[in-house]
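As a plain string of letters, each chain reads:
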Amino acid sequence: DQITIFSPATVANVSCGFDSLGLALNGKGDKMIFSKREDKQLIITKIEGANLPYNIDDNLVGTVIKAMLQKLDLQLGLDIEIYKGFKPGSGLGSSAASAAGTAYAINELLGKPFSKIELIQFAMLGEEAACGSQIADNVSAALFGGFVLIRSYDPLEIVSLPVPDDLYITALHPQIEIKTEDARNVLPKDIPLKSAITQWSNVGGLISGLYSNDYDLISRSLQDVIVEPVRKKLIPHFDLVKNAALQSGALGAGISGAGPTIFALSKGKKTAKTVEESMQEAYSNTEIEFYTFTSEIS
Ligand code: HSE
């Protein structure tokens, strides 16, 4: 009557795939423990690693659980412990890790009444509670693992993509917070057809590169001409870090989700480590605190 789960950090968009591509990091994420209670109350008993609301009505975990119970016309009492492995507002899918982890855990506790796609839909309600939009990229990557494509939002369709063995991700997290909602408010309402063509061609190229293990094609396709140019203004020294990553051998670099985390993809762990060092070096000359890490995608 108790379940402990790990829910991974995720990188959404992956340059060209705004709201439609995501990937899951190996090893970085949140731990959550759900224990059944005798009564029907939902109580958050512990939150470590972030300053988040204990009141179940104010926490997206509550939004997800209540939607799932309502759908089944059930009542359930739970004590909930949340151990955040990374900070909200980092661009690494913090709300998605909580939402996806909750949906997965409750489904297990109830004997798996819901399909994976339904779990994503419940988790998207958590995303909406956190940032105002029902975004699927981070929650799908967290629930499916690996690399995912949101082929369609309505009806929701998720395609699991292959991850080349030698693909590594490095991230630099400047210790400032960007609210997803704010990062979405700066986005253009209309985009020129020429930019749209570049963007969807890159998405196609990136996916083709993942299937064919063509690292050069992946590299050429990691380009975002629509979102990055406007959002990078919210991230201090973005170009400095991106250029450092590219010059030290990264296949590509961009904004992780809504930022401020900057990610780079590399072929091989050795190159990824070199990329991490040069991103670190670039940022150490700035006034902003940061941390970096390199991870497998899984
Ligand atoms: N695709 C979303 C965005 C991810 O970039 O706004 C943030 O949750």
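Residues numbered from 1 in each chain as written. Predicted model: local features only at pLDDT ≥ 70, side-chain atom pairs only at ≥ 80, totals over all residues. Heavy atoms only, no water.

Caption draft 1: Spotlight on the site of the ligand. Near the ligand you find Ala12, Asn13, Phe18, Asp19, Ile135, Asp137, Asn138, Thr180, Arg184, Arg231, Gly257 and Ala258, and these make up its full shell. Between the ligand and Asn13 there is a distance of 2.7 Å, counted from an oxygen atom to a side-chain nitrogen or oxygen. Contact between the ligand and Asn138: an oxygen atom at 3.2 Å from a side-chain N or O atom of the residue. Protein contacts shield 95% of the accessible area of the ligand, which totals 260 Å² for the unbound molecule. Those elements that place two or more of their residues in the shell around the ligand are helix 4 (137-144) and helix 5 (180-185). By residue class, the composition of the shell around the ligand is four nonpolar, four polar and four charged. (Near = heavy atom within 4 Å. Polar contact = N/O pair within 3.5 Å; in protein donor to acceptor, adjacent residues only side chain to side chain. Areas by Shrake-Rupley, 256 points an atom, 1.4 Å probe, with all protein chains shown as cover. Helix = DSSP H or I, 4+ residues; strand = E, 2+ residues; numbered from the N terminus. Nonpolar A, V, L, I, M, F, W, Y, C, P; charged D, E, K, R; others polar.)

Caption draft 2: Layout of helix 6 (residues 193-212). Under the 1.5 Å per step criterion, the end-to-end length of helix 6 is 28 Å for 20 residues, consistent within 8% with the ideal 28 Å. Among all positions in helix 6, only Ser195, Ala196, Gln199, Asn202, Val203, Gly205, Leu206, Ile207, Gly209 and Leu210 are buried. Close packing links the buried residues of helix 6 with strand 2 (21-36), strand 5 (147-153), strand 6 (156-161), strand 7 (167-174) and helix 7 (215-221). Asn213 lies just past helix 6 and shows a positive phi near 55 degrees. (Expected span 1.5 Å × (residues − 1). Buried < 20%, exposed > 50% of the residue type's maximum accessible area, 1.4 Å probe, protein only. Contact = heavy atoms within 4.5 Å.)

Caption draft 3: A look at the pairing of strand 9 (residues 262-267). Of all the six residues making up strand 9, five are buried; the element is thus mostly covered by neighbouring parts of the structure. Sheet analysis places strand 7 next to strand 9, joined by six bridges and oriented antiparallel. From the neighbouring strand, Ile169 faces strand 9, where its bridge partner is Leu265. The sheet contact formed by strand 8 (residues 252-255) and strand 9 spans four bridges and is antiparallel. Its bridge partner being in strand 9, Gly254 is matched across the sheet by Phe263. Here strand 8 hands over to strand 9 after six residues, with Gly257 in that stretch at a positive phi of 55 degrees. (Pairing = 2+ DSSP bridges.)

Caption draft 4: Summary view of helix 4. Counting buried positions along helix 4 gives seven out of eight residues, so the element sits mostly inside the fold. By the burial criterion, the buried members of helix 4 are Asp137, Asn138, Val139, Ser140, Ala141, Ala142 and Leu143. Close packing links the buried residues of helix 4 with strand 1 (2-12), strand 2, helix 2 (94-109), helix 3 (116-131), strand 5 and strand 6. Once helix 4 finishes, Gly145 follows within two positions and takes phi at roughly 80 degrees, a positive value.

Caption draft 5: Quick look at unusual backbone geometry. Going from Asp154 to Pro155, the amide bond is cis rather than trans, its omega being 5 degrees. Within the secondary structure, Pro155 is located in the loop between strand 5 and strand 6. Even without being a glycine, Ser15 presents a positive backbone phi close to 70 degrees. The residue Ser15 is located in the loop between strand 1 and strand 2 in this model. Given the relative accessible area of 4%, Ser15 is considered buried.

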